[in-house]
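Secondary and tertiary structure notes
Here is how the chains run, residue by residue.
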Amino acid sequence: MSKAGAAPPYTPRVRFSGAGGQLAALAARDLSSGLAAMLASEVGSSPDASLVRAEMRIDLGDSAHCAHTAPVALEGDSFDVSRVGGRDGSIVIRAGTERGLIHAAANLLEKLGAQFPPGVAPSYPRIDSARVGALEPWRVTPAFKRRAFVSDIMTWNYNFADRLDLHLRHDREFIPWMARRGINAFSYIRHAHDTRLKIDEIAPLLRERGLDAEYGGHVLQLLLPRDRFAEHPEYFPAGADGVRIARGNLCVSDPDAVAIVRAGALAYVREHPENRLLHIWGADVWRGAWCRCARCRELPPQIQYMDVVNAIAGALADDSDAPPIAYLAYHDTIDPHPGLKPLDNVWFEWAPRERCYSHAIDDPACEINPRYLESLKRYIEIFNGRGHVFEYYADAILFCGLGFATPAVVARDLRAYRRLGIASISCLTFGAYSVMAYPVNLEAFVRGSRDPDFEPDTTLVDLAAGRHPRCAPEMAAAYRAVERASKLCLDYGDVMRTVMPPEKAVRKRDELREAALTFNEAIAAADRIATSLDNRLADAEKDLWRYSSDVLAGLSDYLGALGQAGADRRIRGEAAVAKVAGAIERIRGIDPEIKGTWGAYDLEWIREIWLSALARGLDGDGKPPEELF
């Protein structure tokens, strides 16, 4: 044995199960390459038929230690790290799944000082090999069984080769990061105008890292093709006036319409057996998507939707290989109806998009979230606990492209969800843009989905050090300022949806102005970085924060204008809208490799919708917010 603190005369070696598949081999390669970088010495990896399928060993001595350890009971992606043979023996890594070995390898490297922050290359600091030998046993059981990221298919801009290539360059970095951080599923959201169900180009990346693929989204409009309207208008929903329209979902009282939708959903299952959760959602609108014909008029949206989902679920009930079906609790269906009677293979997917993100979901001091928490509790009761929570911590549309950080809210949310028995959590992302704008939230989510008792401020500090190692104190101060600004902004739906009672508008005007000034504090903190350093990422984040400050100042002015009458309202309002519109120049200057397809292309057309809604809001015509925005 070497003297304390001295490097032993050997280099660790990694063995993995010869009976394992590509996931075990990949985990061993990740582990050996990480150790090699940290030890500045080659660390080999090789298969060993004596090891169980989801097992790896790091041999610390000059010969492989073959002693068998007692079996451990591990479920899902849980993993256990133990020792055999003493200090110079072996470190034994076992997991409930081969995929869990990938998570375990990264976790072990983290304990040795490696960092895997979102948006930058992993960091492997040099260490003495005695550090490896000093590792003590531990076990990790993720708090949530399903830990997923979600993205809209359209954000790949797949009809343009150059734009698709830009997104794929991000994917080739983001997918390995997800796997290292314990994410085990990736879900695609399809919309009515999408011509793809998934992005085939990244399927191998997901598969080789054991990430479950999930398909579907807002597909009811696709499952009932709109070209059937001319011949069979009775298949389609009727508006409030009783007239059939080609928009929306379907007439759930027409058995032929339901049969067509059911057949289309079953085709998804048959043609894509790798799909682990079938998301069959209605149109992504506030109201008007469900039928109001004479037969459907008395059926609330929740019941209409459940009738369709149950029809699909019933056809799959006897197929043990079929995935469960997700019933989306969102917009019209966010509040459960007492008459809901889901079949046993139907799970709710609770998506509280208009909740408050200035407060945690269970914060009784919040004026908005108690209603949402109550709806979740009722869904849990109706579905006998079968549920997923779909969160928006990195939603660039909800946050209007502004940069925010809410790690304390993420932490408290995940603790609340776990206490309620929720075991499945997902987070919406927008490619590279979310990594640029919401890195703190992404880091908080991956930590919290494994252990909700993580420390939010430590997460923020660690992230600053990982993304900006040469200027960590300045960027930690900047992230804290962004967190303070976020709390002032996120207590009402979309940031750009400035529809609220007059008394709240008065308060919000001042809060948004203060938030704009707080973003300036973040910029000032980042400006203290030495000019001699090359900090493209920090410069991009500063431009994002300048955009955020400009937009919030404009929205504050806009709310002030809404409180005026006559010509003053119009003049001041148009000036405020112009200020919001001009802020985009801050984003346009950011490198597309950092802001991604959403920042380079999608933000450009989405902002036109926001700006048009703000302009219409100056008319004061009394339209409900869902018609303005």
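Quantities reported herein were computed from a predicted structural model and do not represent experimental measurements.

**Some words on the side chain of Asp 59**
Structurally, Asp 59 can be placed in strand β3 (residues 55-59). Polar contacts involving the side chain of Asp 59 include one to the side chain of Arg 15, which spans 2.7 Å.

**Regarding the pairing of strand β10 (residues 275-280)**
Within β10, 5 of the 6 residues are buried, which leaves it mostly tucked inside the rest of the structure. Bridge analysis of strand β9 (residues 212-217) against β10 gives 4 bridges, and the strand direction is parallel. Across the sheet, residue Gly 216 finds its bridge partner in β10, namely His 279. Pairing geometry for β10 and strand β11 (residues 325-329), over 2 bridges, is parallel.

**Observations concerning the pattern of salt bridges**
One pass over the full model with this rule turns up 54 salt bridges. Here Glu 443 makes a salt bridge to Arg 181, at a shortest N to O gap of 2.8 Å. With Glu 443 in helix α12 (residues 439-450) and Arg 181 in the loop between α4 (161-180) and β8 (185-189), the pair connects residues that are 262 residues apart, well separated along the chain. Judged by relative accessible area, Glu 443 falls into the buried class, the value being 3%. Assessed through its relative accessible area of 7%, Arg 181 is described here as buried. Between Glu 367 and Arg 507 there is a salt bridge, with the nearest N and O atoms lying 3.5 Å from each other. Residue Glu 367 is found in the loop between β12 (346-350) and α9 (369-382), and its partner Arg 507 is found in helix α15 (residues 502-527); the two are separated by 140 residues along the sequence. Connected via shared salt-bridge partners are Glu 367, Asp 491, Lys 504, Arg 507, Lys 508 and Glu 511.

**A short note on the nonpolar core**
Among the nonpolar cores identified, the biggest contains 212 residues, and Phe 149, Trp 350, Tyr 417 and Trp 545 are the most heavily contacted of them. The contact partners of Phe 149, leaving out residues within four places of it in the chain, are Phe 174, Trp 177, Met 178, Ile 183, Ala 185, Phe 186, Ser 187, Cys 427, Thr 429, Leu 442, Phe 445 and Val 446.

**Some words on α9**
The terminal C-alpha atoms of α9, which comprises 14 residues, lie 20 Å apart, in line with the 20 Å expected from a rise of 1.5 Å per residue. Regarding α9, the residues found buried are Asn 369, Tyr 372, Leu 373, Ser 375, Leu 376, Tyr 379 and Ile 380. The buried residues of α9 occupy an angular sector of 155 degrees when projected down its axis, which confines them to one face. Of the residues flanking the end of α9, it is Asn 384, one or two places downstream, whose phi is positive at about 55 degrees.

**A look at the packing of aromatic side chains**
Taken as a whole, this structure holds 29 aromatic pairs when the rule is applied. Consider the rings of Phe 186 and Tyr 188, whose centres lie 5.3 Å apart with planes at 85 degrees: the pair is edge-to-face. The two residues Phe 186 and Tyr 188 agree in class, both being buried. Look at Phe 229 and Phe 236: their rings are 5.2 Å apart centre to centre, the planes differ by 75 degrees, and that puts the pair in the edge-to-face class. The class for Phe 236 is buried, based on a relative accessible area of 0%. In this structure, Lys 111 packs its charged tip against the face of Trp 138, placed 4.8 Å from the ring centre. For Arg 418, the ring lying beneath its charged end belongs to Phe 144, and the centroid distance is 5.9 Å.

**Quick word on the sheet that holds strand β13 (residues 387-391)**
The sheet built from 8 strands closes into a barrel, its strands ordered β7-β8-β9-β10-β11-β12-β13-β14 with parallel pairing. Mean inter-strand twist for the sheet, computed between neighbouring axes without regard to direction, equals 25 degrees. The strands touched by α9 are β11, β12 and β13; relative to β12, the strand with the most contacts, the crossing angle is about 175 degrees. Here α12 sits on the sheet and contacts β7 (146-152) and β14 (424-428); the angle it forms with β7, its principal contact strand, is near 150 degrees.

**Side note on the confidence of the model for the protein**
The pLDDT averaged across the protein works out to 93; a share of 95% of its residues lies at or above 70. The model gives residues 1-7 a pLDDT under 50, and that stretch makes 9 contacts with residues more than four places away or in other chains. Taken as a whole, residues 624-629 scores under 50 in pLDDT and shows 21 contacts with residues more than four places along the chain or in a different chain.

**Quick word on the environment of Arg 57**
Locating Arg 57 in the fold gives a position in strand β3. Residue Arg 57 is classed as buried on the basis of its relative accessible area, which comes to 2%. C-alpha separation for the pair Arg 57 and Val 81, spaced 24 residues apart in sequence, amounts to 9.4 Å.

**Considerations on helix α13 (residues 456-467)**
Compared with an ideal rise of 1.5 Å per residue, which puts 12 residues at 16 Å, α13 spans 16 Å between its outermost C-alpha atoms and is within 8% of the ideal. The N-capping residue of α13, defined by a side-chain oxygen 3.2 Å from the backbone nitrogen of Asp 457, is Glu 455.

**Looking at the environment of Met 154**
For Met 154, the position within the fold is in the loop between β7 and α4. Looking at Met 154, the relative accessible area reads 18%, which means it is buried. Once the C-alpha coordinates of Met 154 and Asp 171 are considered, the two residues, 17 residues apart in sequence, prove to be 15 Å apart. With near-sequence residues (within four places) excluded, Met 154 lies in contact with His 191, His 193, Asp 194 and Asp 602.

**What to know about the environment of Asp 363**
Tracing the sequence through the fold places Asp 363 in the loop between β12 and α9. According to the relative accessible area criterion, Asp 363 is buried, its value standing at 15%. Taking the C-alpha atoms as reference, Asp 363 lies 8.9 Å from Arg 412; in sequence the two are 49 residues apart. Those residues within four positions of Asp 363 in sequence are excluded, and the remaining contacts are Pro 370 and Arg 412. Side-chain polar atoms of Asp 363 contact the backbone nitrogen of Ala 365, separated by 2.9 Å.

**Examining the sheet that holds strand β5 (residues 90-95)**
The strand order β2-β1-β3-β5-β4-β6 describes an open sheet built from 6 strands, whose pairing is mixed. Unpaired on one side and paired on the other, β2 (45-48) and β6 (138-140) mark the two borders of the sheet. Adjacent strand axes in the sheet meet at a mean angle of 20 degrees, parallel and antiparallel pairs treated alike. With 6 bridges connecting them, strand β4 (residues 79-84) and β5 associate as antiparallel partners. Residue pairing for β5: Asp 80 is matched across the bridge by Arg 94. The strands touched by helix α1 (residues 22-39) within the sheet are β1 (13-17), β2, β3 and β5, with β1 carrying the most contacts at an inclination of about 175 degrees.

Rules and cut-offs
- Residues numbered from 1 in each chain as written.
- Predicted model: local features only at pLDDT ≥ 70, side-chain atom pairs only at ≥ 80, totals over all residues.
- Heavy atoms only, no water.
- Helix = DSSP H or I, 4+ residues; strand = E, 2+ residues; numbered from the N terminus.
- Polar contact = N/O pair within 3.5 Å; in protein donor to acceptor, adjacent residues only side chain to side chain.
- Buried < 20%, exposed > 50% of the residue type's maximum accessible area, 1.4 Å probe, protein only.
- Pairing = 2+ DSSP bridges.
- Salt bridge = Lys/Arg side-chain N within 4 Å of Asp/Glu carboxyl O.
- Core = buried A, V, L, I, M, F, W, Y, C linked by side-chain atoms within 4.5 Å.
- Contact = heavy atoms within 4.5 Å.
- Expected span 1.5 Å × (residues − 1).
- Arc of directions from axis to C-beta.
- Phe/Tyr/Trp six-rings, centres within 6.5 Å; stacked < 30°, edge-to-face > 60°.
- Lys NZ or Arg CZ within 6 Å of the ring centre and 35° of its normal.
- Axes fitted to C-alpha atoms, helices over the stretch in contact; angles between N-to-C directions.
- pLDDT = per-residue confidence, 0-100.

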